[in-house]
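Given next are the chains, with one letter for each unit.
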Amino acid sequence: DAVKYLLANYDGKMVLDADGLNILAYNNLFDLIKNKENIVITPHMGEARRLLGYLKEGRKETAIELYNKTKAITVLKGHATVVATDNEKTYINTTGNPGMATAGSGDVLTGIITSLLGQGKSAKEAALAGVFVHGLAGDLAAETVGEYGLIAGDIAYYTAIALKEISGATSTLI
């Protein structure tokens, strides 16, 4: 009920992930978000299947199909995360590594995107920058702890270092 209420009544920026996506899918609430701006959805392939009821042949095609169904900026998480910003324009992220496929990693990504939205970025800007920063943080963490032992807390910690590196400031990895 809370998610349905927010989708029906809140016109601000929003990120839908995990159970928010499940509630959207199971209650067929797509009409509540289609006409809103600045909404980002962050499904993995399992959530994408629930949202669509099927999967397209490729990840890019699945992300575009999700965008078309929801009109929300779509971040299809996974190897080479796909960001669909309209029914034809997609971006493939070049940062990240297999060690990031760990519990809580998507929560860190959602937090980064939400933070960027809160700092005034549009949904498209927040999604694109957030995905890149998240992947870079995972790459920096993997350099220190390795891919096999990587946990979500490492990605969260290295987010600040990734931002420092992107900004051009000198960083020292700890």
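Preceding this section is the structure that the text describes.
Quick summary incoming for the structure in this document. Only a predicted model underlies this, so the values are computations on that prediction, with no experimental measurement involved.

Quick notes on the nonpolar core
For soluble globular proteins, nonpolar side chains are generally found buried alongside one another.
And step 1. Counting residues in hydrophobic clusters, the biggest one holds 27 residues, and the most contacted among them are Val 40, Val 75 and Ile 113.
And step 2. At the level of elements, strand S3 (73-76), helix H5 (105-118), helix H6 (123-145) and helix H7 (152-166) are the ones that each hand at least two residues to this core.
And step 3. Residues within four places of Ile 113 in sequence aside, it is in contact with Val 15, Val 40, Thr 42, Val 75, Ala 126, Ala 127 and Gly 130.

Describing the packing of aromatic side chains
And step 1. This model, assessed by the stated rule, comprises 1 aromatic pair.
And step 2. Geometrically, the ring pair formed by Tyr 157 and Tyr 158 is edge-to-face, given 5.1 Å between the ring centres and 80° between the ring planes.
And step 3. What makes Tyr 158 buried here is its relative accessible area of 4%.
And step 4. Over the aromatic face of Phe 30 sits the side chain of Lys 69, whose NZ or CZ is 4.3 Å from the ring centroid.

Quick notes on the sheet that holds strand S4 (residues 82-84)
And step 1. Read across the sheet, 5 strands follow the order S1-S2-S3-S4-S5 without closing on themselves; strand pairing throughout is mixed. The open sheet is flanked by strand S1 (14-16) and strand S5 (90-92), the only strands paired with a single partner. Strand after strand, the sheet turns through a mean of 15° between neighbouring axes, direction not considered.
And step 2. In terms of strand pairing, strand S2 (residues 39-41) meets S3 through 2 bridges, oriented parallel. Bridge assignment links Ile 41 to a residue of S3, and that residue is Thr 74.
And step 3. Across the sheet, helix H4 (residues 59-70) touches S2, S3, S4 and S5, and the angle it forms with S3 is around 150°.

Observations concerning the layout of surface pockets
And step 1. A volume near 550 Å³ is recorded for the largest pocket.
And step 2. Forming the walls of the largest pocket are 26 residues, and the residues nearest its centre are Lys 77, Gly 78, Met 100, Ser 105 and His 134.
And step 3. Elements with a minimum of two residues in the lining of the largest pocket: H5 and H6.
And step 4. The element contributing the most residues to the lining of the largest pocket is H5, with 4 residues.
And step 5. Each residue belonging to the lining of the largest pocket can be placed in one class, and the counts come to 8 nonpolar, 14 polar and 4 charged.

Brief notes about the environment of Tyr 67
And step 1. Position of Tyr 67 relative to the elements: it lies in helix H4.
And step 2. With a relative accessible area of 13%, Tyr 67 lands in the buried category.
And step 3. Among residues more than four places away in sequence, those in contact with Tyr 67 are Ala 72, Ile 73, Thr 74, Ala 84, Thr 85, Asp 86 and Asn 87.

What about H4?
And step 1. Taking 1.5 Å per residue, 12 residues should reach 16 Å; H4 reaches 16 Å between its end C-alpha atoms and fits that length.
And step 2. Every buried residue belonging to H4 is among Thr 62, Ala 63, Ile 64, Leu 66, Tyr 67 and Thr 70, and all of these are buried.
And step 3. At its buried positions, H4 is contacted by S2, helix H3 (45-52), S3, S4 and S5.
And step 4. Backbone geometry just after H4 places Lys 71 at a positive phi near 60°.

Let's talk about the pattern of salt bridges
And step 1. One pass over the structure, following the stated rule, counts 4 salt bridges.
And step 2. Residue Asp 11 pairs with Lys 36 through a salt bridge whose shortest N-O separation is 3.1 Å. Pair noted here: Asp 11 is in the loop between helix H1 (2-9) and S1 and Lys 36 is in the loop between helix H2 (19-26) and S2, with a separation of 25 residues, a long-range link.
And step 3. The residue Lys 77 makes a salt bridge to Asp 17 at a minimum N-O spacing of 3.0 Å. With Lys 77 in the loop between S3 and S4 and Asp 17 in the loop between S1 and H2, the pair connects residues that are 60 residues apart, well separated along the chain. Side by side, Lys 77 and Asp 17 carry an identical accessibility label, which is buried.

What counts as what
- Residues numbered from 1 in each chain as written.
- Predicted model: local features only at pLDDT ≥ 70, side-chain atom pairs only at ≥ 80, totals over all residues.
- Heavy atoms only, no water.
- Core = buried A, V, L, I, M, F, W, Y, C linked by side-chain atoms within 4.5 Å.
- Buried < 20%, exposed > 50% of the residue type's maximum accessible area, 1.4 Å probe, protein only.
- Helix = DSSP H or I, 4+ residues; strand = E, 2+ residues; numbered from the N terminus.
- Contact = heavy atoms within 4.5 Å.
- Phe/Tyr/Trp six-rings, centres within 6.5 Å; stacked < 30°, edge-to-face > 60°.
- Lys NZ or Arg CZ within 6 Å of the ring centre and 35° of its normal.
- Pairing = 2+ DSSP bridges.
- Axes fitted to C-alpha atoms, helices over the stretch in contact; angles between N-to-C directions.
- 1 Å grid on protein atoms, 1.4 Å probe; cavity = no way out; pocket = protein on both sides within 12 Å on 5 of 7 lines; lining within 4 Å.
- Points joined across faces, edges and corners; volume = space filled by probe spheres on them.
- Nonpolar A, V, L, I, M, F, W, Y, C, P; charged D, E, K, R; others polar.
- Expected span 1.5 Å × (residues − 1).
- Salt bridge = Lys/Arg side-chain N within 4 Å of Asp/Glu carboxyl O.

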